[in-house]
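The residues making up each chain are set out below.
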Amino acid sequence: MLDWLIVDHYALDHRWESALRSSCKHIMAIDDLADRQHDCDLLLDQNYGSSTERYHDLVPPDCKQCHGPEYGLLKPAYAEQRSQLPARDGTVRRVLIYFGGGADEKNLTGMALQAFHAPELADIRIDIVVGQAYAHQSSLEELAAQRGNSTIHQQLPDLADRMAKADLAIGAGGATTWERCCMGLPSIVVSIADNQRPACDAMSADNLVDYLGHFDLMTSEMIRERVINALKNSESLCELSRRGMNLVDGKGLDRVVQVLSSLHSC
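Residues numbered from 1 in each chain as written. Predicted model: local features only at pLDDT ≥ 70, side-chain atom pairs only at ≥ 80, totals over all residues. Heavy atoms only, no water.

Residue placement: arginine 197 occurs in helix α7 (residues 197-205). Residue class for arginine 197 comes out partly exposed when judged on its relative accessible area of 33%. Arginine 197 sits 23 residues away from glycine 174 along the chain, and the two C-alpha atoms are 9.4 Å apart. When sequence neighbours within four positions are dropped, the list of residues in contact with arginine 197 reads Ser191, Tyr211, His214 and Asp216. (Helix = DSSP H or I, 4+ residues; strand = E, 2+ residues; numbered from the N terminus. Buried < 20%, exposed > 50% of the residue type's maximum accessible area, 1.4 Å probe, protein only. Contact = heavy atoms within 4.5 Å.)

Okay, structure coming up:
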(Lines give C-alpha, C1' and ligand atoms only; values in the text may rest on other atoms or scores of the structure.)
Protein backbone atom coordinates (compact mmCIF):
# COMPACT_ATOMS: atom_id res chain seq x y z
CA MET A 1 0.00 0.00 0.00
CA LEU A 2 1.23 3.49 -0.85
CA ASP A 3 2.03 5.87 1.99
CA TRP A 4 1.00 8.90 -0.07
CA LEU A 5 -0.94 9.38 -3.29
CA ILE A 6 -0.38 12.87 -4.73
CA VAL A 7 -3.06 14.12 -7.12
CA ASP A 8 -2.41 17.06 -9.44
CA HIS A 9 -5.09 17.22 -12.14
CA TYR A 10 -7.93 19.66 -12.75
CA ALA A 11 -10.24 16.89 -13.98
CA LEU A 12 -9.97 14.80 -10.80
CA ASP A 13 -11.99 15.38 -7.64
CA HIS A 14 -13.27 13.64 -4.51
CA ARG A 15 -14.90 10.83 -6.49
CA TRP A 16 -11.61 9.65 -7.98
CA GLU A 17 -9.73 10.25 -4.74
CA SER A 18 -12.29 8.32 -2.66
CA ALA A 19 -12.07 5.38 -5.05
CA LEU A 20 -8.30 5.18 -4.42
CA ARG A 21 -8.55 5.35 -0.63
CA SER A 22 -8.14 1.59 -0.28
CA SER A 23 -4.80 1.72 -2.16
CA CYS A 24 -3.03 4.32 -0.04
CA LYS A 25 -2.70 5.56 3.51
CA HIS A 26 -2.90 9.28 2.73
CA ILE A 27 -3.89 11.52 -0.18
CA MET A 28 -2.50 14.94 -1.07
CA ALA A 29 -4.32 17.13 -3.61
CA ILE A 30 -2.65 20.00 -5.46
CA ASP A 31 -5.15 22.60 -6.65
CA ASP A 32 -5.53 26.30 -7.32
CA LEU A 33 -9.04 26.56 -8.74
CA ALA A 34 -11.06 25.79 -5.59
CA ASP A 35 -13.94 24.75 -7.82
CA ARG A 36 -14.53 21.12 -6.74
CA GLN A 37 -14.49 18.88 -3.68
CA HIS A 38 -11.50 16.82 -2.61
CA ASP A 39 -11.23 13.75 -0.41
CA CYS A 40 -7.71 14.39 0.81
CA ASP A 41 -5.59 14.60 3.95
CA LEU A 42 -3.45 17.47 2.64
CA LEU A 43 -4.41 20.26 0.27
CA LEU A 44 -1.72 22.40 -1.37
CA ASP A 45 -2.52 25.65 -3.17
CA GLN A 46 0.71 27.54 -3.84
CA ASN A 47 -1.00 30.53 -5.46
CA TYR A 48 -0.43 34.03 -4.16
CA GLY A 49 -3.31 35.14 -1.96
CA SER A 50 -4.75 31.65 -1.45
CA SER A 51 -6.26 30.82 1.95
CA THR A 52 -8.28 28.17 3.78
CA GLU A 53 -11.45 30.18 3.16
CA ARG A 54 -11.23 29.33 -0.56
CA TYR A 55 -11.68 25.65 0.24
CA HIS A 56 -14.44 25.95 2.84
CA ASP A 57 -16.66 22.87 2.45
CA LEU A 58 -14.43 21.57 -0.38
CA VAL A 59 -12.12 19.42 1.78
CA PRO A 60 -12.72 17.25 4.88
CA PRO A 61 -12.76 19.13 8.22
CA ASP A 62 -9.53 17.48 9.37
CA CYS A 63 -7.66 18.14 6.12
CA LYS A 64 -4.33 19.94 6.59
CA GLN A 65 -3.97 22.90 4.19
CA CYS A 66 -0.83 24.62 2.89
CA HIS A 67 -1.29 27.92 1.09
CA GLY A 68 0.88 30.44 -0.72
CA PRO A 69 4.20 30.63 -2.58
CA GLU A 70 6.16 29.71 0.55
CA TYR A 71 5.09 26.17 -0.37
CA GLY A 72 6.04 26.58 -4.04
CA LEU A 73 7.29 23.28 -5.46
CA LEU A 74 10.58 24.38 -7.00
CA LYS A 75 13.44 22.16 -8.04
CA PRO A 76 16.50 22.36 -5.73
CA ALA A 77 18.47 24.00 -8.58
CA TYR A 78 16.71 27.31 -7.89
CA ALA A 79 17.74 27.54 -4.24
CA GLU A 80 21.26 26.51 -5.22
CA GLN A 81 21.55 29.19 -7.92
CA ARG A 82 19.91 31.77 -5.68
CA SER A 83 22.58 31.30 -3.00
CA GLN A 84 25.26 32.35 -5.50
CA LEU A 85 23.45 35.34 -7.02
CA PRO A 86 24.90 38.84 -6.63
CA ALA A 87 22.41 41.60 -5.91
CA ARG A 88 20.75 42.82 -9.08
CA ASP A 89 21.55 46.41 -10.05
CA GLY A 90 18.51 47.11 -12.24
CA THR A 91 20.51 47.33 -15.48
CA VAL A 92 19.04 45.24 -18.29
CA ARG A 93 21.68 43.57 -20.42
CA ARG A 94 20.02 40.20 -20.94
CA VAL A 95 16.36 39.17 -21.18
CA LEU A 96 14.75 35.74 -20.81
CA ILE A 97 11.59 34.97 -22.80
CA TYR A 98 9.62 31.90 -21.74
CA PHE A 99 5.91 31.20 -22.14
CA GLY A 100 5.85 27.60 -20.95
CA GLY A 101 6.65 24.27 -22.48
CA GLY A 102 3.46 23.90 -24.49
CA ALA A 103 2.57 24.67 -28.10
CA ASP A 104 2.10 28.43 -27.51
CA GLU A 105 -0.58 28.54 -30.20
CA LYS A 106 -0.86 32.34 -30.05
CA ASN A 107 2.93 32.57 -30.41
CA LEU A 108 3.45 34.96 -27.54
CA THR A 109 7.10 33.88 -27.66
CA GLY A 110 7.50 35.24 -31.17
CA MET A 111 5.54 38.35 -30.28
CA ALA A 112 7.87 39.07 -27.37
CA LEU A 113 10.97 38.54 -29.52
CA GLN A 114 9.51 40.82 -32.20
CA ALA A 115 9.25 43.53 -29.55
CA PHE A 116 13.06 43.67 -29.44
CA HIS A 117 13.34 44.43 -33.16
CA ALA A 118 14.04 48.07 -32.42
CA PRO A 119 17.33 50.02 -32.63
CA GLU A 120 17.23 51.10 -28.98
CA LEU A 121 16.97 47.45 -27.87
CA ALA A 122 19.51 45.95 -30.27
CA ASP A 123 22.29 45.58 -27.68
CA ILE A 124 20.18 43.50 -25.30
CA ARG A 125 20.98 39.82 -25.41
CA ILE A 126 17.90 37.59 -25.63
CA ASP A 127 17.49 34.00 -24.43
CA ILE A 128 14.33 32.32 -25.73
CA VAL A 129 13.26 29.01 -24.19
CA VAL A 130 10.62 26.80 -25.82
CA GLY A 131 9.40 23.27 -25.31
CA GLN A 132 9.33 20.38 -27.75
CA ALA A 133 5.66 21.04 -28.53
CA TYR A 134 6.25 24.68 -29.54
CA ALA A 135 4.30 25.24 -32.76
CA HIS A 136 6.24 28.07 -34.43
CA GLN A 137 9.85 26.91 -34.46
CA SER A 138 10.68 27.92 -38.05
CA SER A 139 9.31 31.45 -37.78
CA LEU A 140 10.98 31.91 -34.38
CA GLU A 141 14.35 30.86 -35.79
CA GLU A 142 13.88 33.33 -38.63
CA LEU A 143 13.04 36.14 -36.22
CA ALA A 144 16.07 35.33 -34.07
CA ALA A 145 18.36 35.31 -37.09
CA GLN A 146 16.98 38.63 -38.35
CA ARG A 147 17.49 40.33 -35.02
CA GLY A 148 20.77 38.72 -34.03
CA ASN A 149 22.03 38.63 -30.44
CA SER A 150 19.26 36.08 -29.75
CA THR A 151 19.59 32.43 -28.74
CA ILE A 152 16.85 29.78 -28.80
CA HIS A 153 17.01 27.01 -26.18
CA GLN A 154 14.79 23.94 -26.27
CA GLN A 155 13.84 21.34 -23.66
CA LEU A 156 16.01 22.63 -20.82
CA PRO A 157 15.82 20.57 -17.59
CA ASP A 158 15.04 23.78 -15.69
CA LEU A 159 15.43 27.54 -16.05
CA ALA A 160 17.61 28.22 -13.01
CA ASP A 161 20.78 28.92 -14.98
CA ARG A 162 19.01 31.07 -17.57
CA MET A 163 17.27 33.05 -14.83
CA ALA A 164 20.53 33.59 -12.98
CA LYS A 165 22.07 35.14 -16.09
CA ALA A 166 19.04 37.28 -17.03
CA ASP A 167 18.22 40.79 -15.81
CA LEU A 168 14.57 40.80 -16.90
CA ALA A 169 12.05 38.12 -17.87
CA ILE A 170 9.00 38.16 -20.10
CA GLY A 171 6.63 35.27 -19.66
CA ALA A 172 3.40 33.75 -18.45
CA GLY A 173 1.83 33.70 -15.04
CA GLY A 174 1.64 30.33 -13.33
CA ALA A 175 4.22 28.15 -11.61
CA THR A 176 7.17 29.82 -13.37
CA THR A 177 6.29 32.97 -11.44
CA TRP A 178 7.61 31.39 -8.23
CA GLU A 179 10.85 30.40 -9.95
CA ARG A 180 11.41 33.96 -11.16
CA CYS A 181 10.63 35.39 -7.73
CA CYS A 182 13.01 32.95 -6.05
CA MET A 183 15.77 34.08 -8.41
CA GLY A 184 14.97 37.76 -7.87
CA LEU A 185 14.31 38.13 -11.60
CA PRO A 186 12.06 41.13 -12.38
CA SER A 187 9.30 40.05 -14.72
CA ILE A 188 6.86 41.41 -17.26
CA VAL A 189 4.00 38.94 -17.01
CA VAL A 190 1.17 37.99 -19.35
CA SER A 191 -1.64 35.73 -18.12
CA ILE A 192 -2.30 32.90 -20.56
CA ALA A 193 -5.24 31.29 -18.75
CA ASP A 194 -8.20 32.72 -16.87
CA ASN A 195 -7.16 31.08 -13.60
CA GLN A 196 -3.86 33.03 -13.73
CA ARG A 197 -5.57 36.42 -13.72
CA PRO A 198 -6.40 36.76 -10.00
CA ALA A 199 -2.85 35.96 -8.87
CA CYS A 200 -1.35 38.22 -11.54
CA ASP A 201 -3.62 41.09 -10.48
CA ALA A 202 -2.81 40.58 -6.80
CA MET A 203 0.93 40.34 -7.37
CA SER A 204 0.88 43.43 -9.58
CA ALA A 205 -1.00 45.36 -6.89
CA ASP A 206 1.67 44.35 -4.35
CA ASN A 207 4.53 45.32 -6.69
CA LEU A 208 5.79 41.77 -7.20
CA VAL A 209 5.47 41.61 -11.00
CA ASP A 210 4.84 44.00 -13.86
CA TYR A 211 1.53 42.59 -15.15
CA LEU A 212 0.90 43.55 -18.75
CA GLY A 213 -2.54 41.90 -19.06
CA HIS A 214 -4.24 38.90 -20.61
CA PHE A 215 -2.77 37.25 -23.70
CA ASP A 216 -5.72 38.05 -25.98
CA LEU A 217 -4.93 41.76 -25.66
CA MET A 218 -1.18 41.53 -26.31
CA THR A 219 0.77 43.16 -29.14
CA SER A 220 4.50 43.43 -29.77
CA GLU A 221 4.20 47.19 -29.41
CA MET A 222 2.72 46.87 -25.92
CA ILE A 223 5.55 44.59 -24.85
CA ARG A 224 8.16 46.92 -26.38
CA GLU A 225 6.76 49.94 -24.56
CA ARG A 226 6.83 48.10 -21.23
CA VAL A 227 10.41 46.94 -21.81
CA ILE A 228 11.57 50.47 -22.68
CA ASN A 229 9.86 51.74 -19.54
CA ALA A 230 11.65 49.08 -17.47
CA LEU A 231 15.00 50.14 -18.90
CA LYS A 232 14.38 53.66 -17.62
CA ASN A 233 13.45 52.54 -14.09
CA SER A 234 16.31 50.56 -12.63
CA GLU A 235 15.21 51.18 -9.04
CA SER A 236 11.77 49.74 -9.81
CA LEU A 237 13.42 46.61 -11.18
CA CYS A 238 15.56 46.33 -8.06
CA GLU A 239 12.44 46.62 -5.92
CA LEU A 240 10.68 43.88 -7.91
CA SER A 241 13.74 41.71 -7.40
CA ARG A 242 13.89 42.30 -3.64
CA ARG A 243 10.20 41.76 -3.09
CA GLY A 244 10.17 38.58 -5.16
CA MET A 245 13.07 37.07 -3.23
CA ASN A 246 11.38 37.92 0.04
CA LEU A 247 8.23 36.14 -1.12
CA VAL A 248 9.82 32.91 -2.38
CA ASP A 249 12.98 31.45 -0.87
CA GLY A 250 13.08 28.21 -2.85
CA LYS A 251 12.50 25.97 0.17
CA GLY A 252 8.81 25.26 -0.45
CA LEU A 253 9.45 21.64 -1.40
CA ASP A 254 11.21 21.06 1.93
CA ARG A 255 8.26 22.55 3.78
CA VAL A 256 5.78 20.30 1.97
CA VAL A 257 7.93 17.23 2.66
CA GLN A 258 7.99 18.17 6.37
CA VAL A 259 4.19 18.36 6.41
CA LEU A 260 3.92 15.01 4.61
CA SER A 261 6.26 13.43 7.14
CA SER A 262 4.44 14.88 10.13
CA LEU A 263 1.05 13.66 8.87
CA HIS A 264 2.44 10.23 8.00
CA SER A 265 3.71 9.77 11.56
CA CYS A 266 0.33 10.57 13.07
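Okay, back to it.
Relative to the helices and strands, methionine 245 resides in helix α9 (residues 234-247). Counting along the chain gives 57 residues from methionine 245 to isoleucine 188, while the straight-line C-alpha distance between them is 16 Å. Sequence-distant contacts of methionine 245, defined by excluding residues within four places in its chain, comprise Arg82, Cys181, Cys182, Met183 and Gly184.

Right, let's talk about the sheet that holds strand β10 (residues 210-214) for a bit. What the 6 strands build is an open sheet, ordered β7-β6-β5-β8-β9-β10; its pairing is parallel. Taken across any chain shown, the strands that pair with only one partner, and hence form the sheet edges, are β7 (150-154) and β10. Strand-to-strand, the axes of this sheet are offset by a mean angle of 15 degrees, without reference to chain direction. Relative to β10, strand β9 (residues 187-191) runs parallel, the two being bridged by 4 bridges. Its bridge partner being in β10, isoleucine 188 is matched across the sheet by aspartate 210. Its contacts with the sheet place helix α8 (residues 220-231) against β8 (168-172), β9 and β10, and it is angled at close to 175 degrees to β10. (Pairing = 2+ DSSP bridges. Axes fitted to C-alpha atoms, helices over the stretch in contact; angles between N-to-C directions.)

Along helix α4 (residues 137-147), the residues classified as buried are Leu140, Leu143, Ala144 and Arg147. Around the axis of α4, the buried residues are gathered within 95 degrees of arc, so they sit on the same side. Among the exposed residues of α4, those pointing more than 90 degrees away from its buried face are Ser138, Ala145 and Gln146. Buried residues along α4 sit in contact with α3 (108-114), β6 (125-130) and β7. The positive-phi residue at the C-terminal boundary of α4 is glycine 148, with phi of around 75 degrees. (Arc of directions from axis to C-beta.)

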